[in-house]
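Structure assessment
Here is how the chains run, residue by residue.
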Amino acid sequence: MKIKTLLTFLIIASFLACSKKTALTESVSDLIYVRNDGADMPAHIYGNAATKCFNIIVHGGPGDNGLSYRIGRYHSILEKEMAMVYWDQRGQGMAHGHYSQSGLNIPQMSEDLYYLVKSLKQKYGEDISIFIMGHSWGGTLGTAFMIDTSYQKEVKGWIEVDGAHDMPLLNKSAVEMFIDIGESEIDKGNNKSTWKEIVTYAKSLDTSNISLNESAELNYYSYVAEELISEIKYEDYNSVSWFFSPMNPINSAISGLNVNTLIEGESETINYTPELHKIKVPCLFLWGKYDFNCPLPLGQSAYEKVGTQKKELYVFQNSGHSPMDNEVDLFCDKVIGFVKQYK
Amino acid sequence: MLVKQLTFCLLFSSLFLNAQEEKERFLSITYLGEFITHPGFEVSYAQAFKQISKFKKEKEIKYSFAYTASLGNYIHYGSHFGSIVEAGIKRLKSKGKKCTRIVEFEIGYFRQFNLGETYIIQENGSAEKRLLTSRGYLLPSLSIGFASDIHKEQPIQLYSALKIGGQLPYNTTIIPRVFLNIGITYKLSSNEN
C-alpha cells in the first residue's frame with residue numbers, strides 16, 4: 001500500500017515537473033536556477049506575472065546580488081505592474097558551482113543572461129515580454145547582451161540605469177565632473193576641504209591613461225562626492241534580514257569581492273560605444289544628474305549611438321548613481337511607462 | 001546521490017571496526033544551524049581511541065581522542081537544502097566531570113541541493129527542467145564546543161559547538177561556512193567506573 005502511494009505521488013510529481021508552463025498570477029513568488037557552464041545561478045521572480053511582463057534586473061558590482069535590488073521602496077511599486085526577476089550573476093550572490101577562472105568573463109556572463117531569458121520563456125510561456133534593466137556594472141553586462149543581435153531579439157526592451165558601458169569615457173567624464181562641480185562647490189564654500197582633496201586628485205590624473213588603481217580611486221571618490229551633494233535625497237531602505245533572507249550576506253560579500261578582483265582587468269577597460277548601433281530594440285536610459293560613478297555623458301552617448309529611434313534619455317535632477325533610491329516615484333513611472341509602451 | 005552518501009557512511013564507519021576494547025562512545029543529536037539560523041539537524045557518533053589522564057595541582061585533567069562520523073542536513077529557505085557527511089577526529093578535555101571542552105577537525109562531503117526548478121542548459125542550447133538538482137563539494141571544518149553533564153547519574157550531556165568550514169571548490173575558489181550545533185550527547189559506554 002505504501003509503495004503504491006509513493007509511486008502515485010512520484011508519478012504526479014513527475015507530471016507536474018514536466019508541465020510546460022507555470023501559472024501567471026498577480027503575485028508570483030518563484031525561484032529558479034539556471035545551470036550553464038559550471039554555474040548554478042538563482043533567479044527570484046516576484047510580482048505581477050499576470051501582465052506577462054518580466055523585468056530582469058542585472059545587478060551592479062561586479063560583486064553585488066539580485067536581491068539587493070529588492071530592499072528599496074521602488075521594488076514594491078514595480079512588482080505591482082510587472083514580474084521582477086532578481087538574478088544572481090555567476091560567482092555572485094548565491095550562485096554556486098565549479099569552473100575555472102577563465103570561465104569568468106563578460107561573454108560567458110552575457111550568455112548566462114541569454115539562457116536565463118530562454119528559461120523564463122520555457123517556464124512562463126514564449127508569449128511573455130521580457131525587458132532587461134541593468135544598473136551600474138549591470139549596464140556593462142546588459143550592453144554586452146544587447147549588442148549581440150541573436151540575444152537582443154529575445155527581449156522587448158533595454159533599460160540602462162547609470163550604466164558603465166564605456167570605461168574610458170566614464171573615467172574622463174568623472175574627472176571632468178569632479179573638477180567642474182568640485183570647484184563650484186569650493187566657490188560656494190561647501191565642504192571645502194573634501195572637495196579640494198577630490199579636485200586635486202582629479203587634476204593629477206592623465207585622463208587618456210588611467211590605470212586600474214586610479215579607476216578604483218575614482219570609484220571611491222564618486223561615493224564621497226555624492227554624499228556631499230545636498231540636492232540628492234535618499235529614502236530609507238527596508239531593513240535587510242541577515243539571518244532569514246534567501247541571501248547569505250557573508251557568502252555574497254566574499255564571492256562578490258572575488259569576482260570583482262578576477263574580472264577587474266576586463267570590466268575596467270571595456271568600451272562598447274562603437275557597437276551600440278547594433279541595439280535595435282527600444283531603449284530607455286535613466287541617469288542621475290549627480291552620478292560621479294557613471295556620469296551623464298555615458299547616458300547621452302548611448303542615447304545618441306543606439307540603432308533605434310524608439311529611445312528616451314531621462315535625467316533625474318535630484319539623483320546620484322541610484323535614481324531608484326533617490327527619486328523613487330519618478331523612477332518607477334519611467335520604467336512602468338516604458339514597459340507598458342513596448343510590451 | 002544517495003549511493004554516494006551511503007558509500008561515504010560505510011567507509012567512515014569502517015574506521016571504527018578495529019576498536020576492540022571498550023572505550024568511550026558518544027551519540028549526539030543536535031540542531032544544526034547553517035549560518036546559525038538556517039535550520040537542520042545532525043546526528044554524530046564518536047568512538048574514543050586514546051585516553052590520557054594528567055594531574056595538575058592535584059586535579060585530574062582527562063584527555064580523550066576520538067574518531068567521529070556525522071550526518072547533517074539543513075535548509076536555507078529560498079535558496080537550497082544542504083546535506084553533509086563528515087568524518088574526523090576530536091579531542092575532549094575535561095576537568096572533573098562537569099564540563100568538557102571539545103575541539104574537532106572533520107573532512108566532509110557537502111551536497112548542495114537547489115530549491116526550485118533548475119534549467120540545465122544542454123550542449124545544443126536547449127534547457128532541460130529538473131527538480132532538486134545538486135552539486136557536491138568538500139567541506140573541511142574545525143569546531144570548538146562544550147559539553148556539560150545534565151545530571152551526575154545520567155550519561156547525558158548538553159552539547160554546543162561552533163563550526164567553521166570551507167566549502168570548495170566553490171565557483172572559482174572557496175567559501176566559508178559557519179554552523180551552530182546545540183543538542184545532547186549520550187554517553188553509550190565507558191571504560192571507567
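Read on for an overview of the structure. Just so it is clear, the model here is predicted, and its values are computed rather than measured. (Residues numbered from 1 in each chain as written. Chains lettered and ligands numbered in written order. Predicted model: local features only at pLDDT ≥ 70, side-chain atom pairs only at ≥ 80, totals over all residues. Heavy atoms only, no water.)

1. Digging into the overall build of chain A
In terms of regular secondary structure, chain A is built from 12 helices and 9 strands. Evaluated residue by residue, chain A yields a buried proportion of 57% over its 343 residues. Of the contacts made within chain A by residues no fewer than 6 positions apart, 78% connect residues no fewer than 24 positions apart. Entry remark: accessible area of chain A is about 14400 Å², with carbon and sulfur atoms responsible for 54%. (Helix = DSSP H or I, 4+ residues; strand = E, 2+ residues; numbered from the N terminus. Buried < 20%, exposed > 50% of the residue type's maximum accessible area, 1.4 Å probe, protein only. Contact = heavy atoms within 4.5 Å. Areas by Shrake-Rupley, 256 points an atom, 1.4 Å probe, with all protein chains shown as cover.)

2. Observations concerning the overall build of chain B
Check the secondary structure of chain B and you find 1 helix and 10 strands. Secondary structure elements in chain B, listed N-terminal to C-terminal, are α-β-β-β-β-β-β-β-β-β-β. In chain B, which comprises 193 residues, the proportion classed as buried is 48%. Considering only contacts in chain B between residues 6 or more positions apart, those separated by 24 or more positions represent 56%. When the accessible surface of chain B is summed, it comes to about 10000 Å², and 63% of that surface belongs to carbon and sulfur atoms.

3. What to know about the interface of chain A and chain B
Listed as interface residues are 40 residues of chain A and, on the opposing side, 36 residues of chain B. Contact between chain A and chain B buries roughly 3300 Å² in total, counting both sides, with carbon and sulfur atoms accounting for 51%. At the boundary of chain A and chain B, one finds 2 salt bridges. Among the ionic pairs, Arg 135 of chain B bridges to Asp 40 of chain A, the shortest N-O distance being 3.0 Å. Our count for the chain A to chain B interface comes out at 24 residue pairs in polar contact (both at pLDDT 80 or more). Of all the secondary structure elements, the ones that give two or more residues to the side of chain A that touches chain B are α1 (2-18), β1 (28-36), β2 (39-47), β5 (96-97), α3 (106-124) and α9 (249-267) of chain A. It is α9 of chain A that contributes the most residues to the side of chain A that touches chain B, 7 residues altogether. Residue composition of the side of chain A that touches chain B, grouped by class: 20 nonpolar, 17 polar and 3 charged. Here β1 of chain A runs beside strand β6 (residues 117-121) of chain B; their pairing, made up of 4 bridges, is parallel. What sits directly across from Tyr 33 of chain A, in β6 of chain B, is Thr 118 of chain B. (Buried area = accessible area lost by both parts, 1.4 Å probe. Salt bridge = Lys/Arg side-chain N within 4 Å of Asp/Glu carboxyl O. Polar contact = N/O pair within 3.5 Å; in protein donor to acceptor, adjacent residues only side chain to side chain. Nonpolar A, V, L, I, M, F, W, Y, C, P; charged D, E, K, R; others polar. Pairing = 2+ DSSP bridges.)

4. Some points on the pattern of salt bridges
Summed over all chains, the structure comprises 23 salt bridges over all chains. A salt bridge links Glu 154 of chain A to Lys 118 of chain A, with the shortest nitrogen-to-oxygen separation between them at 3.6 Å. Here Glu 154 of chain A, found in the loop between α5 (149-152) and β7 (157-161), pairs with Lys 118 of chain A, found in helix α3; they are 36 residues apart in sequence, far enough to count as distant. Between Lys 129 of chain B and Glu 117 of chain B there is a salt bridge, with its nearest N and O atoms 3.7 Å apart. Highlighted residues: Lys 129 of chain B in strand β7 (residues 127-131) and Glu 117 of chain B in strand β6, separated in sequence by 12 residues. Within the structure, one salt-bridge network assembled from shared partners comprises Glu 42, Glu 86, Glu 106 and Lys 163 of chain B.

5. Observations regarding the side chain of Thr 133 of chain B
With respect to the helices, strands and loops of the structure, Thr 133 of chain B is situated in the loop between β7 and β8 (134-149). A distance of 2.6 Å separates a polar atom in the side chain of Thr 133 of chain B from a polar atom in the side chain of Thr 118 of chain B. Contact partners of Thr 133 of chain B, with chain neighbours within four places excluded, come to Arg 35 of chain A together with Gln 112, Phe 113, Asn 114, Thr 118 and Ile 120 of chain B.

6. Observations concerning the packing of helix α2 (residues 74-81) of chain A against helix α12 (residues 328-342) of chain A
Residues and elements named next belong to chain A. Relative orientation of the contacting elements α2 and α12 amounts to 20°, with a least axis distance of 10 Å. Taken together, α2 and α12 sit at an angle that is classed as roughly parallel. As α2 runs across α12, the sense of the crossing is right-handed. Two secondary-structure elements touch here, α2 through Tyr 74, Ile 77, Leu 78 and Glu 81 and α12 through Val 328, Asp 329, Phe 331, Cys 332, Val 335, Ile 336 and Lys 340. For the contact of α2 with α12, the per-class residue count stands at 8 nonpolar, no polar and 3 charged. (Axes fitted to C-alpha atoms, helices over the stretch in contact; angles between N-to-C directions. Parallel < 35°, antiparallel > 145°, perpendicular 65-115°, else oblique. Left-handed = near helix turned anticlockwise from the far one by under 90°.)

7. Thoughts on helix α7 (residues 192-203) of chain A
Residue and element names in this part refer to chain A. Across its 12 residues, α7 extends 16 Å between first and last C-alpha, which sits within 8% of the 16 Å expected from 1.5 Å per residue. When we look at burial in α7, the residues that qualify are Trp 195, Ile 198, Val 199, Tyr 201 and Ala 202. Down the axis of α7, the smallest arc covering the buried residues is 160°, so these residues share one side. Structural note: α7 exposes Ser 193, Thr 200 and Lys 203 on the side pointing more than 90 degrees away from its buried face. Packed against the buried residues of α7 are α6 (167-188) and α8 (212-228). (Expected span 1.5 Å × (residues − 1). Arc of directions from axis to C-beta.)

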